[in-house]
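Observations on the model geometry
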Amino acid sequence: RIDDWMKWGHDIFVGETAEDSANAYTSLYNAINDLIEERTQNPIEGDLVSLVCHVKEVDGKEPTRSERIAVVLPLAIAGLESTGTVLGGTIHHLATHPDDLAELVADPSLVPAAVEEGLRMFTNVTVLQRTTTCPVQIGNTELDKGAKVWTSYNAANRDPAKFPDPHTWNLHRK
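This is a predicted model, so every value here is computed, not measured.

Moving on to the overall build of the chain. Helix and strand counts for the chain come out as seven helices and four strands. Sequence-ordered secondary structure for the chain, helices as α and strands as β, is α-α-α-α-α-α-β-β-β-β-α. The globule rule puts the C-alpha radius of gyration for 174 residues at 16 Å, and the 20 Å found for the chain is more than 25% above it. Projected onto its principal axes, the C-alpha coordinates of the chain cover approximately 50 × 45 × 35 Å. For the chain, with 174 residues in total, the buried portion stands at 30%. Contacts in the chain between residues far apart in sequence, at least 24 positions, make up 50% of those at least 6 positions apart. In the structure as shown, the chain presents an accessible area of about 11700 Å², 58% of it carried by carbon and sulfur atoms.

Quick look at the structure:
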């Protein structure tokens, strides 16, 4: 089942056609619906989906099945695609840069730094859109309440003011 979920999560974003992406979304939606049914009947202690299935009240009413799916679906998509991209990018980097791999193997205390560098360098979440809730100034630009703002993770993660030599893998960044 996890192989299907990973394929659907990937195809939602990079399906060859819009129809492929829509079909992948529908397949993942239906699988999550089935999982919610399963965990409603057979909850697993400590499991997030089981917890969502057994919430009795939100804002004075019991959540609908669609509302429960709406909570689980983005978590599944986010976890499937981003984790695979970061891990894949990190593994590829280490496999193609033997000196970086040797440094990490020689000093396992650098693993947290390797995770941070992997997240910084290989994120697949490239932008995030937000809406201002009040007038705000960003740099020399004034924005009204309700303005749409797009942030670029790739630009932020490679900002030389924050990360000297930003395109280089460095396990000793502070």
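Moving on from the model shown.
With that out of the way, let us pick up the nonpolar core. Membership of the largest hydrophobic core comes to 18 residues, with the highest contact counts inside it found for Trp 5, Leu 28, Ile 32 and Ile 36. The set of elements that each furnish at least two residues to this core consists of α1 (2-14), α2 (18-41), α3 (48-53) and α4 (65-96). Those residues in contact with Trp 5 that lie beyond four places of it in its chain are Leu 28, Ala 31, Ile 32, Leu 35, Ala 76 and Leu 80. Residues Leu 104, Met 121, Phe 122 and Leu 171 belong to the second largest nonpolar core, which totals eight residues.

One pass over the structure, following the stated rule, counts eight salt bridges. The shortest N-O distance in the salt bridge between Arg 39 and Asp 47 comes to 2.7 Å. A salt bridge links Glu 62 to Arg 68, with the shortest nitrogen-to-oxygen separation between them at 3.3 Å. Within this structure, Glu 38, Arg 39 and Asp 47 form a network of salt bridges that share partners.

Moving on: the environment of Cys 134. Among the structural elements, Cys 134 can be located in the loop between β1 (127-131) and β2 (136-138). Overall, the relative accessible area of 41% leaves Cys 134 in the partly exposed class. Once you skip the residues sitting within four places of it in the chain, Cys 134 turns out to touch Leu 143, Asp 144 and Lys 145.

Quick notes on the rules
- Residues numbered from 1 in each chain as written.
- Predicted model: local features only at pLDDT ≥ 70, side-chain atom pairs only at ≥ 80, totals over all residues.
- Heavy atoms only, no water.
- Helix = DSSP H or I, 4+ residues; strand = E, 2+ residues; numbered from the N terminus.
- Rg over C-alpha atoms; globule rule 2.2 N^0.38 Å.
- Buried < 20%, exposed > 50% of the residue type's maximum accessible area, 1.4 Å probe, protein only.
- Contact = heavy atoms within 4.5 Å.
- Areas by Shrake-Rupley, 256 points an atom, 1.4 Å probe, with all protein chains shown as cover.
- Core = buried A, V, L, I, M, F, W, Y, C linked by side-chain atoms within 4.5 Å.
- Salt bridge = Lys/Arg side-chain N within 4 Å of Asp/Glu carboxyl O.

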